[in-house]
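So you can see what is in the structure, the chains are spelled out below.
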Amino acid sequence: MNKKFFLILIFFIFFTGIYFFLHRERISSPPIGLAPTFEDLKQAYEFQDENKTGHEWGQAVISVPEGFFILGKTNSKGTGGNNIWLLKLDRSGKLLWDRTYGGKLASIANSMTLSSEGNLVIAGELQVDLMAFQGRVLEVSPKGEVLQDIILGQPGLTSLYSVSLMPDHSVLVGGDQARKGWIVKLDSQLEKIWERQVAELKGVTSIIPISENQFFALGMKEKSTVGWGQPGLLKFDLSDRLLREIFFPPNSGELSLLLSLPHRKWAALGVRDRENLEGRDLWVIKLDETGKIIWEKIFWEKTKTTMPIVKGAVVFPNGGMAVVGAVSLIENGDLKIWRLTPDGNLLWERSYGGPKAEIGYAIARTEEDGLIVVGSTMSQGAGKTDLWVLRLD
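Residues numbered from 1 in each chain as written. Predicted model: local features only at pLDDT ≥ 70, side-chain atom pairs only at ≥ 80, totals over all residues. Heavy atoms only, no water.

A.B. asks: So what exactly am I meant to see when it comes to the overall build of the protein chain here?
C.D. replies: Counting secondary structure elements, the protein chain contains 3 helices and 27 strands. Counting every position in the protein chain, which comprises 393 residues, the buried fraction comes to 51%. Sequence separation of at least 24 residues holds for 41% of the intrachain contacts in the protein chain that already meet a minimum separation of 6. Of the roughly 19,900 Å² of accessible surface on the protein chain, 55% is carried by carbon and sulfur atoms. (Helix = DSSP H or I, 4+ residues; strand = E, 2+ residues; numbered from the N terminus. Buried < 20%, exposed > 50% of the residue type's maximum accessible area, 1.4 Å probe, protein only. Contact = heavy atoms within 4.5 Å. Areas by Shrake-Rupley, 256 points an atom, 1.4 Å probe, with all protein chains shown as cover.)

A.B. asks: Explanation requested: the confidence of the model for the protein chain in the structure shown.
C.D. replies: Low pLDDT means the predicted atomic positions in that stretch should not be read closely. Residue-level pLDDT values for the protein chain average 86, and 83% of them are 70 or greater. Scored below 50 in pLDDT, residues 1-51 makes 18 contacts in the model with residues more than four places away or belonging to other chains. (pLDDT = per-residue confidence, 0-100.)

A.B. asks: Looking at this structure, I do not really get the nonpolar core. What am I missing?
C.D. replies: Across soluble globular proteins, you tend to see nonpolar side chains buried next to one another. Leu 259, Leu 269, Leu 282, Val 284, Met 321, Val 323 and Leu 340 are the most contacted members of the largest nonpolar core, which totals 17 residues. If you list the elements that add at least two residues to this core, you get strand S17 (253-261), strand S18 (265-273), strand S19 (280-287), strand S20 (293-299), strand S21 (308-315), strand S22 (321-327) and strand S23 (334-340). Each residue touching Leu 282, except ones within four places of it in the same chain, is listed here: Gly 270, Lys 297, Ile 298, Phe 299, Pro 308, Val 310, Val 323 and Trp 338. Counting 15 residues, the second largest nonpolar core, distinct from the first, contains Val 64, Leu 86, Ala 109 and Met 112. (Core = buried A, V, L, I, M, F, W, Y, C linked by side-chain atoms within 4.5 Å.)

A.B. asks: Any chance you could explain unusual backbone geometry here in plain terms?
C.D. replies: Generally, phi is negative for residues other than glycine and the peptide bonds are trans, each holding for most cases. Look at Asn 251: it is not a glycine, yet its phi comes out positive at around 60 degrees. Here Asn 251 shows up in the loop between strand S16 (242-247) and S17. Phi is positive for Asp 369, which is not a glycine, with a value near 70 degrees. Relative to the elements of secondary structure, Asp 369 occurs in the loop between strand S25 (358-365) and strand S26 (371-377).

A.B. asks: Any chance you could explain the packing of aromatic side chains here in plain terms?
C.D. replies: How two aromatic rings sit relative to each other is given by the distance of their centres and the angle of their planes. The full count for this structure, using the stated rule, is 4 aromatic pairs. An angle of 55 degrees between the planes, with centres 6.3 Å apart, marks the rings of Phe 69 and Trp 97 as tilted. Of this pair, Phe 69 sits in strand S2 (residues 67-74) while Trp 97 sits in strand S4 (residues 95-101), and the two are 28 residues apart along the sequence. On the accessibility criterion, Phe 69 (3% relative accessible area) is buried. On the basis of relative accessibility, which here comes to 14%, the residue Trp 97 falls in the buried class. With a centroid separation of 6.5 Å and 80 degrees between ring planes, the pair formed by Phe 248 and Trp 283 is classed as edge-to-face. Linking Phe 248 in the loop between S16 and S17 with Trp 283 in strand S19, this pair joins segments that are 35 residues apart in sequence. In this structure Phe 248 comes out as buried when scored by relative accessible area, which is 5%. Seen from the ring of Trp 283, Arg 272 lies directly overhead, with NZ or CZ sitting 4.9 Å from the centre. (Phe/Tyr/Trp six-rings, centres within 6.5 Å; stacked < 30°, edge-to-face > 60°. Lys NZ or Arg CZ within 6 Å of the ring centre and 35° of its normal.)

A.B. asks: Before we go on, may I ask you to explain the sheet that holds S16 in this structure?
C.D. replies: Pairing between sheet strands relies on hydrogen bonds along the backbone, with the strands arranged either parallel or antiparallel. Taken in spatial order, the 4 strands line up as S13-S14-S15-S16 in an open sheet, and their pairing is antiparallel. On the outer flanks of this sheet lie strand S13 (203-209) and S16, each paired with one strand and no other. For this sheet, the mean angle separating the axes of adjacent strands, direction not counted, is 20 degrees. By the bridge criterion, 7 bridges tie strand S14 (residues 214-220) to strand S15 (residues 231-237) in an arrangement that is antiparallel. Paired with Ala 217 across the strands is Leu 234, a residue of S15. (Pairing = 2+ DSSP bridges. Axes fitted to C-alpha atoms, helices over the stretch in contact; angles between N-to-C directions.)

A.B. asks: It is not clear to me how the sheet that holds strand S5 (residues 106-114) should be interpreted in this structure. Could you clarify?
C.D. replies: Reading across from one edge, S5-S6-S7-S8 is the order of the 4 strands in this open sheet, with antiparallel pairing throughout. Looking along the sheet, the strands with just one partner apiece sit at the ends: S5 and strand S8 (146-156). Taken over all neighbouring pairs, the strand axes of this sheet differ in orientation by 20 degrees on average, direction set aside.

Next up, the structure:
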């Protein structure tokens, strides 16, 4: 045996013996489980490693006549950890102002819409304890002033992913609470009218009105470590009564977005796995108001290693769509846009990126019928991940 290796082994055995001798009382006590203690988690959370700051990205975008509102996340600005970041750009892309909305620990936003009064309604989550979150709804003026800050749900695994304005000016927010789907209805002044658990889904990722008093809610029925689970589309009325359940084939893919199309039609979008897990592709389903499938399209990627994700979409007046996301969430993944015709055919597809990873999270139409896209880039900017805005003709 190598002499150096033998000496190292002797030292290791010697010091291990000393450690167990000094800690014999603690080790012989009854086991208390392998989970980290609160103090362990607190120390890990507060540890200032080199990767804790320098990450920003765009999450949602709204086009208005004088410019664009962009909703993002930042852990370089504001207080605590992650903060909600709202920016206002003019139509040339010049930054007019930006605001952060945080909390003692952290807060993030996932969705944004305009209220009937022209204010921004933002849905997300607020961290209230080390391992506890609550749903958060912010009403913000067009100048970035907080008008209302509403906390919803019980502390725990609680979050809001979607916000939608209904025809009667009420607001619906959807997410999850205690690992179940969750929907809350607010009136036009953002006072809570009702909330309900949606046990049929693990979470509600998208909500969209389908009539004066009905709406669709989209999510996944089940999730597992070996498959996607089962996409589910639920139809409700505004009194929270479940009217219909539509479930798609299990473990085939994920549907996460809903769009309203012309002529009282709707679309559900996501990604679908190929047979034998040999790749993944964009998945689009056109529906009528009952949830019946009108057509279903799958847009194959060119290679098996190109794995798309879908994050945002927008509808054109003729019923065409533009979908944004990314391909291959690896170091050289690109932001990608798919442009679809009204009958669901691919008009064009484009990728945008550099040597590292880029992703698009949201897309909107400009006044000139162009596109504005927000997301994140690792190839450009000064930070590790930077908010990225693209305006396309």
